[in-house]
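Spelled out, the chains give:
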Amino acid sequence: MHYEFSEDFATSQDQYDSLSLYRNRFHFPLINGKKAVYLTGNSLGLQPDKAEQYILQELEDWKRYGVEGHFQAKNPWFSYHEPFAQLLAPLVGAKPSEVVAMGSLTNNLHVLMVSFYRPTQKRFKILSEQKAFPSDLYALDSQARFHGFDPAEAVVEIGPREGETIIRKEDILQKINELGDSLAMVMMGGVNFYSGQLFPLEEITTTAHKTGAIVGFDLAHAAGNVQVDLHDWGVDFAAWCSYKYLNSGPGSVAGIFVHEKHHADESLPRFNGWWGNKADSRFKMERNFQPFHSAEAWQLSNAPVFSMAIHRASLEIYNEAGMKALTEKSQKLTGYAEAVIQKINSDAGAELIQIITPADPAERGCQLSLVMKKNGKGVFDTLTKNGVLTDWREPDVIRIAPVPLYNSFRDVFDFYSTLKTIL
Ligand SMILES: *Cc1c(COP(=O)(O)O)cnc(C)c1O
């Protein structure tokens, strides 16, 4: 695509953008009395317009009905979680029976690994990526230790080659083959939170399965950001949070995927709770657990209705817009953000900013990670003061995420002109 670095160009791109009106369905923070240029949807997404109304509905029904709200509320709490399967499935390329909105991300990873990390003396290694989100590595280390293994031996991290910033596909696949029958599980990010690299999830899955390993992905930075086809790729399990791209509020309810090939496998160990019991016999409160033959079997507790109310407001918008249109816009918008950085460098006649996110749109979502060669923290603070919200990672990285659902070409242009002035 051809890009120009003028306000006119940016606003005309917004006029052609069929998704531009979705911007009006989110609340933007105000800085100096003006809507912020919000480029941190990868950290905490914006509040959907209906979130407040949906929560108030539940507060009202609780006020009015008390316990009877389980059945009498406008959206009965007894079955509150059920419509979420339909809403979540298209976001991660799953069948509705394979997804559940539940729990929180790190909790869910543990709950899933109870079933899917079952090491033996010979096959006990876990492959993850270097610079994975710390919580994931803590979870993996503690799982290894829980099973009596030394994490230093059990958890293998694949990283970039010396002097490089992204992890080469061939290196990941080769590492999987090299680990061979010692590899119990691949558990890595879909999109790395630091570099923004989208990993070749399908090939990882196929290669790991050939060695006999299980494959799980943390989609915290992938869900709602890039197209994934968990079912067709045969991924065993996945988990994500909903407060980043999925705009469902701080610490809001998360989600899991369990491939249907595992649903009827009664030999899988699992930590159970009453909400994993089939709906028709759940309230008989019988001694014997009768699990769903779906991802719902992994569900432990009754639905956290208040956070799910917000989640619903967000997922409805996602389903209206559709992942296909969103990813198409995303490539153009992030391409524009990339172009403005290149323009800044070429005007300066020096590389002031290095983009460490892959240049190939097939290997990234909307996030760009920018290594600031000089005074990065100062630049970041000044951007914030001037109403441009980005994200700082020590020692020198600014992450920006032009989110196709609510960011505009004009936002990217405003980021550019503010950054140019500061530099
Ligand atoms: C954001 C994020 C988390 C956060 O975990 P919570 O359990 O939601 O606090 C974990 N892992 C990854 C990869 C993340 O991006």
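Residues numbered from 1 in each chain as written. Predicted model: local features only at pLDDT ≥ 70, side-chain atom pairs only at ≥ 80, totals over all residues. Heavy atoms only, no water.

Q: When you look at the sheet that holds strand S11 (residues 237–240) in this model, what are you seeing that I'm missing?
A: Across a sheet, strands are paired by hydrogen bonds formed along the backbone, either parallel or antiparallel in direction. The strand order S6-S12-S11-S10-S9-S7-S8 describes an open sheet built from seven strands, whose pairing is mixed. Looking along the sheet, the strands with just one partner apiece sit at the ends: strand S6 (99–101) and strand S8 (155–158). Put simply, the sheet's adjacent strands are angled 15° from each other on average, direction ignored. Bridge count between strand S7 (residues 125–129) and S8: four bridges; the pairing is parallel. Opposite Ile126, over in S8, you have Val155 as the bridge partner. (Pairing = 2+ DSSP bridges. Helix = DSSP H or I, 4+ residues; strand = E, 2+ residues; numbered from the N terminus. Axes fitted to C-alpha atoms, helices over the stretch in contact; angles between N-to-C directions.)

Q: For this particular structure, what's the right way to read helix H8 (residues 169–179)?
A: For an α-helix, the turn length of 3.6 residues means that residues three or four places apart are oriented alike. When we look at burial in H8, the residues that qualify are Asp171, Ile172, Leu173, Ile176 and Leu179. Where the residues of H8 are buried, they touch S7, S8, strand S9 (183–189) and helix H9 (201–211). Gly180, located one to two residues past H8, shows a positive phi value of around 45°. (Buried < 20%, exposed > 50% of the residue type's maximum accessible area, 1.4 Å probe, protein only. Contact = heavy atoms within 4.5 Å.)

Q: Could you clarify how one ought to interpret the packing of aromatic side chains in this entry?
A: Centre distance and the angle of the planes are the two values used to describe a pair of aromatic rings. Tallied over the entire structure, the rule returns 20 aromatic pairs. Look at Phe5 and Tyr336: their rings are 6.3 Å apart centre to centre, the planes differ by 20°, and that puts the pair in the stacked class. Taken together, the positions of Phe5 in the segment before helix H1 (7–16) and Tyr336 in helix H13 (residues 323–348) put the pair 331 residues apart, joining distant regions of the chain. Residue Tyr336 is classed as buried on the basis of its relative accessible area, which comes to 0%. Considering the side-chain rings of Trp62 and Phe306, the 5.9 Å spacing of their centres and the 55° angle between planes classify their relative orientation as tilted. In this pair, Trp62 sits in helix H2 (residues 51–65) while Phe306 sits in helix H12 (residues 305–321), placing the two residues 244 residues apart along the sequence. Every member of this aromatic cluster is reached through a ring pair, and the members are Tyr3, Phe5, Phe9, Tyr336, Phe409, Phe413 and Tyr416. Between Arg312 and the ring centre of Tyr54, over which it is positioned, the NZ or CZ distance is 4.2 Å. (Phe/Tyr/Trp six-rings, centres within 6.5 Å; stacked < 30°, edge-to-face > 60°. Lys NZ or Arg CZ within 6 Å of the ring centre and 35° of its normal.)

Q: Looking at this structure, I do not really get the side chain of Asn407. What am I missing?
A: Examined against the element boundaries, Asn407 turns out to sit in the loop between strand S17 (397–400) and helix H15 (409–422). Among the polar contacts listed, one links the side chain of Asn407 to the backbone oxygen of Tyr38, at a separation of 2.9 Å. (Polar contact = N/O pair within 3.5 Å; in protein donor to acceptor, adjacent residues only side chain to side chain.)

Q: Help me understand the site of the ligand, please; the structure alone is not making it clear to me.
A: Around the ligand lies a shell formed by Leu105, Thr106, Phe133, Asp136, Asp218, Ala220, His221, Tyr243 and Lys244. A distance of 2.6 Å separates a nitrogen atom of the ligand from a polar side-chain atom of Asp136. Within the side chain of His221, one N or O atom sits 3.2 Å away from an oxygen atom of the ligand. Coverage of the ligand by the protein chains reaches 82% of its 390 Å² of free accessible surface. Class assignment of the residues belonging to the shell around the ligand gives a composition of four nonpolar, two polar and three charged. (Near = heavy atom within 4 Å. Areas by Shrake-Rupley, 256 points an atom, 1.4 Å probe, with all protein chains shown as cover. Nonpolar A, V, L, I, M, F, W, Y, C, P; charged D, E, K, R; others polar.)

Q: Please clarify how the nonpolar core should be interpreted in this entry.
A: Soluble globular proteins: nonpolar side chains tend toward being buried together. Residues Leu219, Trp240 and Leu405 are the most contacted members of the largest nonpolar core, which totals 75 residues. For this core, the leading source of residues is H12, giving nine residues. Counting only domains with at least three residues in this core, you end up with domain 1 (7–49 + 322–422) and domain 2 (56–320). When residues no more than four places from it in sequence are discounted, the contact partners of Leu219 are Val92, Gly190, Leu201, Val228, Leu230, Ala238, Ala239 and Trp240. Counting residues in hydrophobic clusters, the runner-up holds 34 residues, among them Ala132, Val155, Met187 and Ala295. (Core = buried A, V, L, I, M, F, W, Y, C linked by side-chain atoms within 4.5 Å. Domains from an automatic or database assignment.)

Q: Any chance you could explain unusual backbone geometry here in plain terms?
A: Peptide bonds are, in most cases, trans, and in most cases residues other than glycine have a negative phi. The omega torsion of the bond from Glu394 to Pro395 falls at 0°, within 30 degrees of zero and hence cis. Take Pro395: it is sitting in the loop between strand S16 (391–393) and S17. A positive phi is found at Lys131, a non-glycine position, where the angle reads about 55°. Position of Lys131 among the secondary structure elements: in the loop between S7 and helix H6 (134–146). Look at Asn247: it is not a glycine, yet its phi comes out positive at around 50°. Looking at the secondary structure, you find Asn247 in the loop between S11 and strand S12 (255–258). On the basis of relative accessible area, Asn247 is assigned to the buried category, the value being 1%.

Q: I would appreciate a short explanation of the domain arrangement of the protein in the present structure.
A: In many analyses, interface size is given as the accessible surface area lost on bringing the parts together. Each assigned domain of the protein is listed here: domain 1 (7–49 + 322–422) and domain 2 (56–320). Look at where the C-alpha atoms of domain 1 and domain 2 centre, and you get two points 28 Å apart. Of the residues lining the interface, 37 residues belong to domain 1; the matching set on domain 2 comes to 29 residues. The three residues of domain 1 that bury the most area against domain 2 are Pro48, Met323 and Ile356, which together make up 22% of that side's buried surface. With its nearest N and O atoms 2.8 Å apart, the salt bridge here joins Arg25 to Glu320. The tally of links from domain 1 across to domain 2 stands at 13 residue pairs in polar contact (both at pLDDT 80 or more). Mapped onto the side of domain 1 that touches domain 2, the elements with two or more residues apiece are H13 and S17. Counting residues per element, the side of domain 1 that touches domain 2 draws most heavily on H13, at four residues. Tallied by class, the residues present in the side of domain 1 that touches domain 2 amount to 17 nonpolar, eleven polar and nine charged. (Buried area = accessible area lost by both parts, 1.4 Å probe. Salt bridge = Lys/Arg side-chain N within 4 Å of Asp/Glu carboxyl O.)

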